[in-house]
Amino acid sequence: MSISSLVPSRLSARQVLPAIAGIYISQTIITALTTQALPSLLRDAGASLQVAGLTALLWIPWGLRFLWAPAVERWRLPAGQLTRHSRTLVLTGQWLIAAVLLLLGLAALGGVLSLSGHAGWILGGLLLAALVAATTDVASDGFTVEQLASQQRGWGNVAQVGGSYVGAMLGAGGFLLVAGSAGWPWALMAASLAVLLLSIPMLFLREPPRDRTLAVGHRPGLMHALRRPEIRIGLVLMLLSSVGVRLTLGMFGPFLLDKGLSLEQLGWLFGSLHIGAGLTGAFLGGILVRAAPGWRAVWIAVGLKALVLAALTLAAPTASLTVLMVLVGLMFAVLGFVWVALYSALMGLTSPLQSGVDFTLFQSADALLAVAGGVAGGWLSQHLGYEVCFGLAAASAVVAVLVVRRKAPSLDDKARGLTAYE
């Protein structure tokens, strides 16, 4: 089946970009709450860095969702039919997430749950919310890839990654601020309200039907993805590009706390510096993707990440708190740069027959890396020091630059020249 013949109908960018932003803000609220706010709350309560690092296990639903992604994709794109069900799946998932957060908050306010006596139940509820968010994200990924033409992917990824940074601000900095001033139950209920409001752009969309050439009897599956060399190579390059991020991301909050920042100050820092630096990096990443499309943009962005991690490694033992906060802010900006470039390159490798499965496979691999990297980062920081953790992350980024730069030309050629799918 020729790719040139597959010209699916799409919504306008004016309709799609707000919906994409709303989707990824709300989903990242959950991941930031569990992987950034929660480690900081535990550390503030006296938990060890190893225990704080174990919260990365809440990434597991994101890492395993590739197992049920084909079933979700078959529901989203019924074989032989022109209809798409992305909107229905996304809205249902967002409303379920909001309900879980609301119920947890109300139960805590009513005295049924307490953080000290019922931590397992609270973590279980957050795990359920993460499971729903991870499942919904399969449909979100498919919707995003389908509704963005290749020339729009740079700015579409700005909305996606920028939305993720806003979600991280709300789920990490915003949650810590509300929890510090009003208590964590009210913070959960505020997060629930935010998720509901963010579903509004998607609520008013009317998803267009599929192109008739795409409404075939194809059965989405993992083997269809893994048989394609572009997917296999993309997985390797994505993991290499992400490993440094995953080792360090969960440790930035505890690192600054141990350097003298209070929990409330950390909330303001994540709520202001994080979003400002991240959105700036995402916007610059969109410009980079336009100027250097494909995997060239990825190795440039990862190279910048290596430089900032190296600087943070050198500064960690003796630099002032101000310098360290600036370097962490630069790291947030560079991460926005990296994600826009990486997502844009990976989208170019997905099949229009099962874009949700293919892109989910990439993101699931990254989530599993986040689990391993978060636990390893906590262990390294606890036993060998933050500078060792940051230094290993910097070294991994240098390796990624060398490998991606070598493989990028051939992979970009394959992506451009791909004319048929099996």
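First, a word on scope: everything that follows refers to the structure included in this document. Keep in mind the model is a prediction, meaning the values are calculated, not measured.

## Structural notes on the overall build of the chain
Within the chain one finds 17 helices and 0 strands. For the chain, the proportion of contacts with a sequence separation of at least 24, taken over those separated by at least 6, is 88%. Of the roughly 16200 Å² that the chain leaves accessible, carbon and sulfur atoms contribute 69%.

## Quick word on the packing of helix 4 (residues 69-76) against helix 16 (residues 355-383)
Relative orientation of the contacting elements helix 4 and helix 16 amounts to 150°, with a least axis distance of 8 Å. It follows from the interaxial angle that helix 4 and helix 16 lie roughly antiparallel. The interaxial crossing formed by helix 4 with helix 16 has right-handed handedness. Contacts from Ala69, Pro70, Glu73 and Arg76 of helix 4 reach helix 16 at Ser355, Gly356, Val357 and Thr360. Considering only residue class, the contact of helix 4 with helix 16 consists of 3 nonpolar, 3 polar and 2 charged.

## Some points on the packing of aromatic side chains
Overall, the coordinates contain 7 aromatic pairs when judged by the stated rule. Relative to Phe332, the ring of Phe252 has its centre 5.9 Å away and its plane inclined at 90°; by these criteria the two rings are edge-to-face. In this pair, Phe252 sits in helix 12 (residues 252-258) while Phe332 sits in helix 15 (residues 321-347), placing the two residues 80 residues apart along the sequence. By the burial criterion, Phe252 is buried, and Phe332 matches it. Relative to Tyr386, the ring of Phe255 has its centre 4.9 Å away and its plane inclined at 65°; by these criteria the two rings are edge-to-face. Of the two residues, Phe255 sits in helix 12 while Tyr386 sits in helix 17 (residues 386-417), which places them 131 residues apart along the sequence. A relative accessible area of 0% places Phe255 in the buried class. One residue, Arg405, lies across the ring of Trp299, its end atom 4.5 Å from the ring centre.

## Observations concerning helix 16
Each α-helix winds once per 3.6 residues, and so residues spaced three or four apart point in a common direction. Helix length check: helix 16 (29 residues) gives 42 Å between terminal C-alpha atoms against 42 Å at 1.5 Å per residue, within 8%. Taken from the residues just after helix 16, Gly385 is the one with a positive phi, measuring 105°.

## Regarding a nonpolar patch on the surface
Nonpolar side chains collect at one region of the surface, where Trp95, Leu193, Leu196, Leu197, Ile200, Leu203 and Phe204 lie side by side and expose about 680 Å² of accessible area between them. Those elements that provide at least two residues to the nonpolar patch are helix 8 (184-198) and helix 9 (200-203). The residue Leu193 is located in helix 8 in this model.

## A word on the packing of helix 15 against helix 16
The N-to-C vectors of helix 15 and helix 16 enclose an angle of 140°; their axes lie 10 Å apart at closest approach. By the criterion of interaxial angle, the relationship of helix 15 to helix 16 is oblique. The handedness of the crossing between helix 15 and helix 16 is right-handed. For the pair helix 15 and helix 16, the contacting residues are Trp339, Tyr343, Leu346 and Met347 in the first and Phe359, Phe362, Gln363 and Asp366 in the second. Class assignment for the residues of the contact of helix 15 with helix 16 results in 6 nonpolar, 1 polar and 1 charged.

## Observations regarding the environment of Gly391
Structurally, the position occupied by Gly391 is in helix 17. In the structure, Gly391 is positioned 77 residues away from Leu314 in sequence and 8.3 Å away in space, judged by C-alpha atoms.

## Some thoughts on the environment of Phe66
Considering the arrangement of structural elements, one finds Phe66 in the loop between helix 3 (60-64) and helix 4. C-alpha separation for the pair Phe66 and Ala365, spaced 299 residues apart in sequence, amounts to 8.6 Å. Leave out the neighbours within four places in its chain, and Phe66 touches Leu222, Thr360, Leu361, Ser364 and Leu368.

## Thoughts on helix 4
When helix 4 is considered as a whole, its buried residues turn out to be Ala69, Pro70, Val72, Glu73 and Arg76. Viewed along the axis of helix 4, the buried residues span an arc of 160°, placing them on a single side of the element.

## Quick look at the pattern of salt bridges
Once the charged atoms of two side chains with opposite charge are near each other, the side chains can pair. For the coordinates displayed, the defined rule picks out 4 salt bridges. As a salt-bridge pair, Arg65 and Asp137 come within 2.5 Å of each other at their nearest N and O atoms. Taken together, the residues span a long stretch of sequence, with Arg65 in the loop between helix 3 and helix 4 and Asp137 in helix 6 (residues 119-147) at a distance of 72 residues. Summarising the burial analysis for this pair, Arg65 and Asp137 share the class buried.

Definitions and cut-offs
- Residues numbered from 1 in each chain as written.
- Predicted model: local features only at pLDDT ≥ 70, side-chain atom pairs only at ≥ 80, totals over all residues.
- Heavy atoms only, no water.
- Helix = DSSP H or I, 4+ residues; strand = E, 2+ residues; numbered from the N terminus.
- Contact = heavy atoms within 4.5 Å.
- Areas by Shrake-Rupley, 256 points an atom, 1.4 Å probe, with all protein chains shown as cover.
- Axes fitted to C-alpha atoms, helices over the stretch in contact; angles between N-to-C directions.
- Parallel < 35°, antiparallel > 145°, perpendicular 65-115°, else oblique.
- Left-handed = near helix turned anticlockwise from the far one by under 90°.
- Nonpolar A, V, L, I, M, F, W, Y, C, P; charged D, E, K, R; others polar.
- Phe/Tyr/Trp six-rings, centres within 6.5 Å; stacked < 30°, edge-to-face > 60°.
- Buried < 20%, exposed > 50% of the residue type's maximum accessible area, 1.4 Å probe, protein only.
- Lys NZ or Arg CZ within 6 Å of the ring centre and 35° of its normal.
- Expected span 1.5 Å × (residues − 1).
- Patch = residues over 30% accessible without salt bridge, like charges linked within 9 Å, V, L, I, M, F, W, Y side chains within 5 Å.
- Salt bridge = Lys/Arg side-chain N within 4 Å of Asp/Glu carboxyl O.
- Arc of directions from axis to C-beta.

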